[in-house]
Each structure stands twice: as structure tokens, then as C-alpha cells.
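Chain by chain, the residues:
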Amino acid sequence: MVFPDGFIWGAATASYQIEGAAREDGRGPSIWDTFSRTPGRVTDGHTGDVACDHYHRYREDVGLMAGLGLAVYRFSTAWPRVVPDGSGPVNPRGLDFYDKLVDELLGAGITPYVTLYHWDLPQNLEDRGGWANRDTAYRFGDYAQAVQRRLGDRVRTWTTLNEPWVSAFLGYCSGVHAPGRRSEADAFKATHHLLLAHGLAAQALTGELALTLNLAPVVTPAQALDPSAPISDADREAVNRIDALLNRQFIDPALRGAYPPEVLEIAARHGGLDHIRDGDLEIIHQPIDLLGINYYNPCVVESAPGTPAHEAYPGSEGIGFASLDVPSTAMGWPIIPSGLSSLLVRLSQDYPEVGLIVTENGAAFDDVVVGDRVPDADRVAYLDGHLRAAHAAIEAGADLRGYLVWSLLDNFEWAEGYHLRFGIVRVDYGTQRRLLKDSALWYRGVIQRNGID
């Protein structure tokens, strides 16, 4: 099962999850520093203070990437490391780190893909309203310019935002992620200002531009197991409403210059639409080259009259979020590789103007170290199944150009702390020793063959 010539193979990480060095070289506090220090927010009070100590061990980590044959490494720059207060003076020591990292990658023959925002908003900006404050979008544009000026001579591919749905609705609505707010109105404001930030940054950047979204096919329980299963009118309305909130609320403004009508109606009921100003959608609707897809599982819903709205989906009254009796990951996420195929095909059909790349796909399992091995057969099976699904999507006409595994390293898994491990490389957090898991060795073989044996 061979992938097209030039298919991009890589891995991804995020700054707060791996860097550590939280108080070094002028870095300012982020909302995740604050959130993780708030009792009860993160399992066992874990923080990203040290994480994988990538800030000091980046050369070792790049050596691991080179040994695996990665063509691309997707990482995020930390806004509070570059602009500690979120606005104002740029911190040259923070940019020095990314300068050295980019040079190390290029020296190893690995192409850097830079993501400008992977959730670590400077705390000073949150104190001024965070993403619910329109000014934050403009400060993001300034930050993008600062990174472009320093790295733009060597970095060709830029991603503005990672998973703005998570930032807006888990951060400002359900409150399970930083900054931990619970306001439907602020979540819709945050959504719009994140998208505005994307547009402003896209105007400031040169090269290949991308936006990464956590997209999922929205299906009924029957459709999750059999895409041809019939669907009732009530279930179809439920599927369409959640698809608008989860997927089209972000894709359509960025690629079409308009919000779905369903989203505008719901947002109007939760705080109004005054935050959407004339000219905003023209700024948001910038040409991009790649749509990054972070896929883990489908979103499974059905009509359930009388059910209150889900805490992360304002406007989802009368809809039930269903579970499936199928194998799942340690996160409890159902393993449905076919969902990736259907998602990729749909995106290429509905948005043919943009190329696709899987920017995250992977799984947490309860790994066990056996001597000098981590025999993570479950993860190998997960990745194998999803790569087969990606190949099937290409065969069906999807314009898929690459696949980046999540994650290169075990790391700080947000509200779950260090208990859940997504990496293909194990990190012993006490010693910082790295150990290639069987999945890393398997992935190296996939890259060498440009396909699955």
C-alpha cells in the first residue's frame, strides 16, 4: 500500500506540552501556567514547568527525528516566550531558542512547520479579556510579524492556529481547559476573535499558509459503524446542527467568508452578534494553501428531545452525545479509522480549493516498558488502521498531501497531566530518558517504504 510520490511524513508537538523552562530566558506566564496551578484543574496538580525539557534537549530530540526519517517536524512557538506580556517588547532570548531549533532541523534535513498558537495565551492578555477581547486578535497579528521577521528566511510553512474550537469552547464555555471560564457568550466571541487573529496573521506571513482544525465526521451511532445506515429527519437535523458548531463554524468563515446560518442563530441567542463587525469576514477569508486536520474519532450524536445542551456545545438542546461499544483508547475515544476516510473525502469534495494534511493523529494507551522496549502493539494497530484509511481516501480522490503523527514524545496532556501518553517515543519524566517505542520503529519503516507493508 504505497502513498503518492512526495507524500509528507512527519510528527508534531506543542510548546507548552514539551518545552519546560517555564521561567527561563524571559518567558512570561501563560494561561496554562495559571490554570495548571489552580487546585483541581489538572490531574494531580501537574504543570508544564519541566515537561520533556525540550528547551534544553532539542538537539537530542532532533537527532531522534532524523533517526526516524521524518521529513517534517511540526512544532509551535510559545507566544509568552516570544512576547512575554502578549504585547509590547519582543523577547530576543525567546526567539533565539526557535532560531536554534530551526537551524538544527534544517541541518538534519527536516523541514520545520511552525504553528503560531497552540493554546498558550500570555496570561497578561487573558487578564485583559483573553480571546473574548477583540484586541487580542490584533496583538496576535503583531506576534506573528515578530516570528516571521526572525524565522521567515528559513521557515516556509506556517500554521496560524491549532484547534480554535478547543480554545474557544473548552477554554471559555465548558471551562475544562485554560483559562477555565464558563460563558457561552464569551465562547462565541472567542471563536470570532480567534478567526480574526488567523486572518490578521495570514496577512502578515509569507510562504505556505495553513489553518489546523479538530475536525470530525458527525454521525449517528448507526452511521458510525455503517455509513450507509438510514437516518431519520430528527437525527439528520441533530447531525447538521453539531456539524455546524464543530466543523463549519471554523471552515466556512476561513474558506468561504461566511458563518453557517445555524451558528449565527445560536450565537445570537447567546450574547448577540455585536462582536462581528463590518469587514471582519473579509479579513478572516484569506487564501490558505493547506487545511490541517487533527482527527481522533467521529462525533456521534442523535436526536434526544428534552436533553439539555452539552456544556461545550451551546445550542445543542435536544441532542444526545452517544457512546459506542467499540474498542477505545486510554482517553476513552472510540477507534473508528473509517471516520478519517469519510472526513478527508468530504473535505476535498466540499472545499476543493485547499490541500489537506493530517496534522495530528495518534492515540494514548497504557504503555508498559519491557527491558529496553515499549511493545505498544495497540498504538501500532491504531496508526496502521488510520494510515490505511488515509490511503483509501486518496484512492477516492482526497487531496491529502501528508501525515503527521501525534505525538513525537510523551508529554503534558493538558488537563490529564502526565498520566496519558500519546508519544511514539517514551519519556521517563524523572530522568528525561527517551526510548523509542515499537510504534516509532514501525513508523520508521512506513516512512522508508512510503507505505504500509
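Check the entry above for the structure.
Here the residue numbering is sequential within each chain, running from 1 through the sequence in written order. This being a predicted model, a pLDDT of at least 70 is required before a residue's local features are given, and a value of 80 or more before pairs of side-chain atoms are given or counted; all residues contribute to the totals for chains, interfaces and linings. Note that the side-chain values use all heavy atoms of the structure and ignore hydrogens as well as water.

Chemist: In this structure, what is going on with the overall build of the protein chain? I would like to understand it.
Modeler: Secondary structure assignment for the protein chain yields 16 helices and 13 strands. This radius of gyration counts C-alpha atoms alone. The globule rule is 2.2 Å times how many residues there are, raised to the power 0.38. For 453 residues, the compact-globule estimate of 2.2 N^0.38 gives 22 Å, and the C-alpha radius of gyration of the protein chain, at 21 Å, lies within 12% of that figure. Oriented by its inertia axes, the alpha-carbon framework of the protein chain measures out at about 55 × 50 × 45 Å. The Shrake-Rupley method, run with a 1.4 Å probe sphere, supplies the accessible areas, and residue values consider only the shown protein chains as cover. Carbon and sulfur atoms provide 50% of the accessible area of the protein chain, an area that totals close to 16,100 Å². The secondary structure listing takes helices from DSSP runs of H or I that are at least 4 residues long and strands from runs of E that are at least 2 residues long, numbered from the N terminus.

Chemist: In this structure, what is going on with the packing of helix α14 (residues 338-350) against helix α15 (residues 377-395)? I would like to understand it.
Modeler: Two quantities define a packed helix pair, namely the angle between the axes and the distance from one axis to the other. Where helices are involved, their axes are fitted lines through C-alpha atoms of the stretch in contact, as for all axes, and angles between N-to-C directions lie from 0 to 180°. Closest axis-to-axis distance for the α14/α15 pair is 8 Å, and the angle between their directions is 30°. In terms of axis orientation, α14 runs roughly parallel to α15. Where α14 crosses over α15, the two elements pack in a sense that is right-handed. Each of Leu-340, Ser-341, Leu-344 and Val-345 in α14 lies in contact with α15, whose residues at this interface are His-386, Ala-389, Ala-390, Ala-392 and Ala-393. The labels follow the angle: roughly parallel below 35 degrees, roughly antiparallel above 145, roughly perpendicular from 65 to 115, and oblique for the rest. Handedness of a crossing is defined here by the sense of rotation of the near helix relative to the far one, left-handed for an anticlockwise turn of less than a right angle and right-handed for a clockwise turn. Contacts were defined at the residue level, with two residues in contact if any of their heavy atoms lie within 4.5 Å.

Chemist: Can you walk me through the nonpolar core in this structure?
Modeler: The tendency in soluble globular proteins is for nonpolar side chains to be buried side by side. Think of a nonpolar core as a cluster: buried Ala, Val, Leu, Ile, Met, Phe, Trp, Tyr and Cys residues, connected wherever their side-chain atoms sit within 4.5 Å. Exposure categories follow from relative accessible area, calculated using a 1.4 Å probe and restricted to protein chains: below 20% of the type maximum is buried, above 50% is exposed, and the middle band is partly exposed. Counting 149 residues, the largest nonpolar core has Trp-32, Tyr-117, Trp-131, Phe-140, Leu-344 and Tyr-443 as the members making the most contacts within it. Of all hydrophobic cores here, the second largest spans seven residues; its members include Ile-8, Tyr-113, Ala-210 and Leu-404.

Chemist: Looking at this structure, I do not really get the sheet that holds strand β6 (residues 218-219). What am I missing?
Modeler: Adjacent strands of a sheet pair through backbone hydrogen bonds, lying either parallel or antiparallel. Judged by pairing direction, the sheet is mixed, and its three strands sit side by side in the order β6-β8-β9 without closing on themselves. Each end of this open sheet is capped by a strand with a single partner; those strands are β6 and β9 (319-321). For two strands to be treated as a pair, DSSP must find no fewer than two bridges joining them. Two elements, β6 and strand β8 (residues 299-303), share two bridges in a ladder whose sense is parallel. Note on β8: the bridge partner recorded for Val-218 is Cys-299. Its contacts with the sheet place helix α11 (residues 233-256) against β6, β8 and β9, and it is angled at close to 140° to β8.

Chemist: I would appreciate a short explanation of the pattern of salt bridges in the present structure.
Modeler: Two side chains that carry opposite charge are able to pair once their charged atoms sit near each other. The salt bridge definition used is simple: a Lys or Arg side-chain nitrogen within 4 Å of an Asp or Glu carboxyl oxygen. Overall, the coordinates contain 38 salt bridges when judged by the stated rule. Residue Arg-433 is joined to Asp-372 by a salt bridge in which the shortest nitrogen-to-oxygen separation is 3.1 Å. Placement of the pair is Arg-433 in strand β13 (residues 433-436) and Asp-372 in the loop between β10 (355-360) and α15, with a sequence separation of 61 residues. Residue class for Arg-433 comes out partly exposed when judged on its relative accessible area of 45%.

Chemist: Just to check I follow, could you spell out helix α9 (residues 184-204) for this structure?
Modeler: A helix is expected to span 1.5 Å multiplied by its residue count minus one. With 21 residues, α9 should cover 30 Å at 1.5 Å per step; its first-to-last C-alpha distance of 31 Å lies within 8% of that length. Among the 21 residues that make up α9, 17 are buried, leaving the element largely enclosed by the rest of the structure.

Chemist: Mind showing me how you'd approach the packing of aromatic side chains here?
Modeler: How two aromatic rings sit relative to each other is set out by the distance from centre to centre and by the angle between their planes. Only Phe, Tyr and Trp rings are paired, with Trp represented by its six-membered ring, and only when their centres lie within 6.5 Å; those with planes under 30 degrees apart are stacked, over 60 edge-to-face, the remainder tilted. All told, the structure shown has 36 aromatic pairs when counted by the stated rule. Ring geometry for Trp-79 and Tyr-117: centres 6.2 Å apart, planes at 85°, overall edge-to-face. Of the two residues, Trp-79 is situated in helix α4 (residues 79-82) and Tyr-117 in strand β3 (residues 111-117); the sequence distance between them amounts to 38 residues. Seen from their ring centres, Trp-165 and Phe-169 are 6.0 Å apart, and the 25° between their planes marks the pair as stacked. One end of the pair is Trp-165 and the other is Phe-169, both in helix α8 (residues 164-170) and four residues apart, which spans about a single turn. Residues Trp-165 and Phe-169 agree in their burial class; the two are buried. Through a chain of ring-to-ring contacts, three or more aromatic side chains come together here, namely Tyr-16, Trp-32, Phe-35, Trp-119, Phe-412, Trp-414, Tyr-418 and Tyr-429.

Chemist: Can you walk me through the pairing of β8 in this structure?
Modeler: Side-chain direction in a regular strand flips from residue to residue, so the side chains alternate between the two faces of the sheet. Two elements, β8 and β9, share three bridges in a ladder whose sense is antiparallel. Bridge assignment links Val-301 to a residue of β9, and that residue is Phe-321.

Chemist: Explain the pairing of strand β5 (residues 208-213) to me, please; I cannot follow it from the model alone.
Modeler: Counted residue by residue, β5 has six buried out of six residues, so it is predominantly covered. Here β5 shows no split at all, with Glu-208, Ala-210 and Thr-212 on one side and Leu-209, Leu-211 and Leu-213 on the other all buried. Note: strand β4 (residues 157-162) against β5, four bridges, orientation parallel. Paired with Asn-162 across the strands is Thr-212, a residue of β5.

Chemist: What is the right way to read the state of the cysteines from this model?
Modeler: Two cysteines joined by a covalent bond between their sulfur atoms form a disulfide. The term disulfide is used for any two cysteine sulfur atoms that are within 2.5 Å. Counted according to the given criterion, the structure contains zero disulfides. Free of any disulfide, Cys-173 has its nearest cysteine sulfur in Cys-299, 14 Å distant. Taking the relative accessible area as the measure of exposure, Cys-173 reaches 5% and is therefore buried. Judged by its relative accessible area of 9%, Cys-299 is buried.

Chemist: Explanation requested: the environment of Asp-378 in the structure shown.
Modeler: Within the secondary structure, Asp-378 sits in helix α15. As a C-alpha pair, Asp-378 and Asp-367 span 11 residues in sequence and 9.1 Å in three-dimensional space.

Bear in mind that shape data such as this cannot, by itself, settle questions of function.
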